[in-house]
Amino acid sequence: MKRKPDARDFFVNTYPINAYPNPWDYVVDDYDIRSKSRRLWIKDEIYAELVKIKNQFDGYNCNTILDVGCGAGTLSILLADEFRVHSLDFSRTMLERLKTRAKELKKDVAAMINADNQKIPFKSNSFDSALCKFALWPVPNPEETIKEMVRVTKSNGRIIVIEVDRTNGYELNLRSKFGYRIYKVLKKFVRVRKWKKQKILHDDEAWKIIRETTKNNPKINLSFTKQVLTSCGCEITAVDTSVKSKINGIIGKLCGGQCGGHNYFMVCAKKR
Ligand SMILES: C[S@@+](CC[C@H](N)C(=O)[O-])C[C@H]1O[C@@H](n2cnc3c(N)ncnc32)[C@H](O)[C@@H]1O
């Protein structure tokens, strides 16, 4: 039976043969620090504060940070005043947006690296800290990403992971489903003209592909992250499971936060 064409066909037909079809390129607006709708969901500066606190530790001067899976740089940009930030992402479009925003906001991001976070192209012991916010779940082998983060961090340096607990799959609770529906209608209303004009794939289709290909990675949870970090010889120095309640904006509160009823966690570890 002939399969109904879906979002996947868009990529196959659009990209040259053998080029990597990267759906993340199409959701860049959702990760833009200047996106108006983003502010309704979350307060990025609170994430930045949490990371700053964890990177100011006794007897250790944190100077260089690697932001792993940085997206369009919501964290990189906010940390750039105090640290030398290197930002790594698989999506060139995300990095291009980061470059544009950093220039506009006069923020000095030290370097942007287009690479796979499961194979970080830096020598061992290169950074004082490596952080990863919501960029473990998209990869097939998140344990490799954590190992790589530990490898490129100097001894006594910090590794920080902020993620969503995906243990129980990705079913949204009722409140979130309702909130998301309203948000989607509003978003379509605002963006549909832009999509039509540019003849581009809209982000709902790209999200569909991301969800299908990652299966929302049920591997990612607090105990998995702690276990991989300790198996790499790190000491867990802090765990925070109340992140979500701190960072929600108005719509975030209404919908029970991004990612529906799922909780977030933040783990901070010291490389011995
Ligand atoms: C959910 S977004 C998080 C972005 C950013 N850390 C934030 O919190 O705003 C996930 C990011 O991981 C990136 N990504 C996905 N797979 C990757 C890989 N294998 N290596 C590096 N980055 C990857 C995507 O391009 C995307 O920018």
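Residues numbered from 1 in each chain as written. Predicted model: local features only at pLDDT ≥ 70, side-chain atom pairs only at ≥ 80, totals over all residues.

**Digging into the overall build of the protein**
Inclusion rule: Secondary structure elements follow DSSP: runs of H or I no shorter than four residues count as helices, runs of E no shorter than two count as strands, and numbering proceeds from the N terminus. Exposure criterion: with C-beta atoms placed from backbone coordinates, a residue whose C-beta has 20 or more other C-beta atoms within 10 Å is buried, one with 12 or fewer is exposed, and one in between is partly exposed. Note on contacts: residues are paired as contacts if their backbone-placed C-beta atoms lie within 7 Å.
Check the secondary structure of the protein and you find 11 helices and seven strands. Burial status across the protein gives 37% buried among its 272 residues. For the protein, the proportion of contacts with a sequence separation of at least 24, taken over those separated by at least 6, is 77%.

**Section: the sheet that holds strand β2 (residues 84-89)**
Sheets are built from strands that pair by backbone hydrogen bonding, the pairs being arranged parallel or antiparallel. Our working definition: Two strands make a pair as long as DSSP finds a minimum of two bridges between them. To get an axis, fit a line to the C-alpha atoms, keeping to the stretch in contact for a helix; angles then go from 0 to 180 degrees between the N-to-C directions.
Reading across from one edge, β3-β2-β1-β4-β5-β7-β6 is the order of the seven strands in this open sheet, with mixed pairing throughout. The outermost strands of the open sheet, each flanked by one partner alone, are β3 (111-114) and β6 (234-240). With direction set aside, neighbouring strand axes in the sheet form an average angle of 20°.

**Here we look at the confidence of the model for the protein**
To be explicit about the condition: pLDDT measures the predictor's confidence residue by residue and takes values from 0 up to 100.
Mean pLDDT over the protein: 85, with 83% of residues reaching 70 or higher. Of all secondary-structure elements in the protein, the lowest mean pLDDT belongs to helix α1 (residues 7-14), at 49, while strand β1 (residues 64-68) reaches the highest, 98. In this model residues 10-20 is a low-confidence stretch, pLDDT under 50, and it forms four contacts with partners more than four residues away in sequence or in other chains.

**Thoughts on the site of the ligand**
Short version of the rule: Near, as applied to residues and a molecule or strand, means the residue's backbone-placed C-beta atom lies within 6 Å of it. Residues are grouped as follows: nonpolar covers Ala, Val, Leu, Ile, Met, Phe, Trp, Tyr, Cys and Pro; charged covers Asp, Glu, Lys and Arg; every other residue, Gly included, is treated as polar.
Around the ligand, the structure places 18 residues, and the nearest of them are Trp 24, Gly 69, Gly 71, Phe 90 and Ser 91. Classifying every residue of the shell around the ligand gives nine nonpolar, six polar and three charged.

**Notes on the environment of Thr 241**
With respect to the secondary-structure elements, Thr 241 resides in the loop between β6 and α10 (243-247). By the C-beta count within 10 Å, which is 13 here, Thr 241 ends up partly exposed. Separated by 23 residues in the primary sequence, Thr 241 and Tyr 264 have C-alpha atoms spaced 6.1 Å apart. In contact with Thr 241, not counting residues within four places along its chain, are Asn 263 and Phe 265.

**What about the pairing of strand β7 (residues 264-271)?**
Counting buried positions along β7 yields seven of eight residues, so the element is predominantly enclosed. Summarising the sheet, strand β5 (residues 153-164) and β7 pair through seven bridges and their orientation is antiparallel. The partner of Val 161 across the bridge, within β7, is Val 267. Relative to β7, β6 is paired through six bridges, and the arrangement is antiparallel. Its bridge partner lying in β7, Asp 240 is registered against Met 266.

**Brief notes about helix α5 (residues 92-104)**
Along an α-helix, residues three or four apart share an orientation, since each turn contains 3.6 residues. What counts is decided by this rule: The span you would expect from a helix comes to 1.5 Å times its residue count less one. Relevant arc is that of directions from the helix axis to the C-beta atoms, nothing else.
End to end, α5 covers 18 Å across 13 residues, agreeing with the expected 18 Å (1.5 Å per residue, within 8%). When α5 is considered as a whole, its buried residues turn out to be Met 94, Leu 95, Arg 97, Leu 98 and Ala 102. Buried positions in α5, seen along its axis, are confined to an arc of 160° and lie on one side of it. Within α5, the exposed residues directed more than 90 degrees away from the buried face are Lys 103 and Glu 104. In this structure, the buried residues of α5 make contact with α4 (74-79), β2 and β3. Taken from the residues just after α5, Lys 106 is the one with a positive phi, measuring 55°.

**Re the nonpolar core**
Using the following cut-off: By definition, a nonpolar core groups buried Ala, Val, Leu, Ile, Met, Phe, Trp, Tyr and Cys residues that connect through C-beta atoms lying within 7 Å of each other.
Among the nonpolar cores identified, the biggest contains 60 residues, and Val 68, Leu 79, Leu 98, Ala 130, Met 149, Ile 159 and Ile 160 are the most heavily contacted of them. With six residues, β7 is the single largest residue contributor to this core.

**Focus on unusual backbone geometry**
Even without glycine at this site, Lys 106 takes up a positive phi of about 55°. Counting through the fold element by element, Lys 106 comes out in the loop between α5 and β3. Residue class for Lys 106 comes out exposed when judged on the 8 C-beta atoms lying within 10 Å of it. Although it is not a glycine, Asn 125 adopts a positive phi angle of roughly 60°. Structurally, Asn 125 is set in the loop between β3 and β4 (127-133). Here Asn 125 falls in the partly exposed class, since 13 other C-beta atoms lie within 10 Å of it.

**A few points about the environment of Phe 265**
On the secondary structure map, Phe 265 appears in strand β7. Sequence separation between Phe 265 and Asn 221 is 44 residues; the distance between their C-alpha atoms is 8.1 Å. Excluding anything up to four places from it in sequence, Phe 265 contacts Glu 163, Asp 165, Leu 222, Val 239, Asp 240, Thr 241 and Val 243.

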